[in-house]
Amino acid sequence: MDTNALMMPVELDVRVFDELDRLLAADVDLVVPTAVLDELEKLSTGGGTEAVAASVGADLATRCRAVETDESYADDAVVELADSGDVDYVVTNDKPLRDRVLECGIPVIGIRGHATLAVTEP
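Rules of the game
Residues numbered from 1 in each chain as written. Predicted model: local features only at pLDDT ≥ 70, side-chain atom pairs only at ≥ 80, totals over all residues. Heavy atoms only, no water. Axes fitted to C-alpha atoms, helices over the stretch in contact; angles between N-to-C directions. Helix = DSSP H or I, 4+ residues; strand = E, 2+ residues; numbered from the N terminus. Parallel < 35°, antiparallel > 145°, perpendicular 65-115°, else oblique. Left-handed = near helix turned anticlockwise from the far one by under 90°. Contact = heavy atoms within 4.5 Å. Phe/Tyr/Trp six-rings, centres within 6.5 Å; stacked < 30°, edge-to-face > 60°. Lys NZ or Arg CZ within 6 Å of the ring centre and 35° of its normal. Core = buried A, V, L, I, M, F, W, Y, C linked by side-chain atoms within 4.5 Å. Buried < 20%, exposed > 50% of the residue type's maximum accessible area, 1.4 Å probe, protein only. Arc of directions from axis to C-beta. UniProt positions renumbered as here; feature names shortened; annotations may be inferred. Pairing = 2+ DSSP bridges.

Thoughts on the packing of helix 5 (residues 74-84) against helix 6 (residues 95-103)
Viewed as axis vectors pointing N to C, helix 5 and helix 6 meet at an angle of 20 degrees, and their least axial separation amounts to 9 Å. One finds that helix 5 runs roughly parallel with respect to helix 6. As for the relative orientation of helix 5 and helix 6, their crossing is right-handed in sense. Where helix 5 abuts helix 6, its residues Asp 75, Asp 76, Val 78, Val 79 and Ala 82 lie against Leu 97, Arg 100 and Val 101.

Spelled out as structure tokens, the structure:
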């Protein structure tokens, strides 16, 4: 899970975990890089909708297993995990990040239509 995936409930009115249950229909091990947690923390100290979304995202991230990476920048940490082959999917709505992950050969789950997630295969 990347930063904007965890912020989708506020920003895009997407029930991310319900959608993941619908798509994957399995008990999955959701992970979030610690760099994403750090980014959410920084964003939540600001003001406005972005700060609220980041605060909600940080709360939602507690439903995921935090994993350490060598990268301190959130997008690079997600790509590191994708490139390692230790993840089956990446959840993001960030197009540049999606393209980087797809280049690693990992499917990406992102927004399709209104409040619905779908899988994009590499």
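Points about the packing of aromatic side chains
As enumerated under the stated definition, the model contains zero aromatic pairs in all. Directly above the aromatic system of Phe 17 lies the positively charged group of Arg 63, at a separation of 4.0 Å from the ring centroid.

So, the nonpolar core
One finds Met 1, Leu 6, Phe 17, Leu 20, Val 101 and Leu 117 to be the most contacted residues of the largest nonpolar core, which totals 37 residues. Broken down by element, the residue count for this core peaks at five residues, all from helix 5. Excluding residues that lie within four positions of it along the chain, Val 101 makes contacts with Val 78, Val 79, Ala 82, Val 90, Ile 106 and Val 108.

Notes on helix 2 (residues 16-24)
Listed in full, the buried residues belonging to helix 2 are Val 16, Phe 17, Glu 19, Leu 20 and Leu 24. Summarising the axial view, the buried residues of helix 2 lie within an arc of 155 degrees, below the 170-degree limit, and thus occupy one face. Against the buried residues of helix 2 lie helix 1 (3-11), helix 4 (48-61), strand 3 (90-91), strand 4 (108-112) and strand 5 (116-120). Phi for Ala 25, located one or two positions after helix 2, is positive at around 45 degrees.

Examining the UniProt feature "domain: VapC9 PIN-like" (unreviewed entry) in the protein
Feature annotation in UniProt assigns "domain: VapC9 PIN-like" (unreviewed entry) to the following positions: residues 1-113. Each end of residues 1-113 is marked by a C-alpha atom, and these two atoms are 20 Å apart; helix forms 56% of the span and strand 12%.

Considering the sheet that holds strand 3
Strand order in the open sheet made by the three strands is 3-4-5, with mixed pairing throughout. Sheet topology places strand 3 and strand 5 at the edges, where each strand pairs with a single neighbour. Relative to strand 4, strand 3 is paired through two bridges, and the arrangement is parallel. Following the sheet pairing, Val 90 is matched in strand 4 by Val 108.

Regarding unusual backbone geometry
Notably, Asp 13 is not glycine yet its phi reads approximately 55 degrees, a positive angle. Here Asp 13 shows up in the loop between helix 1 and helix 2.

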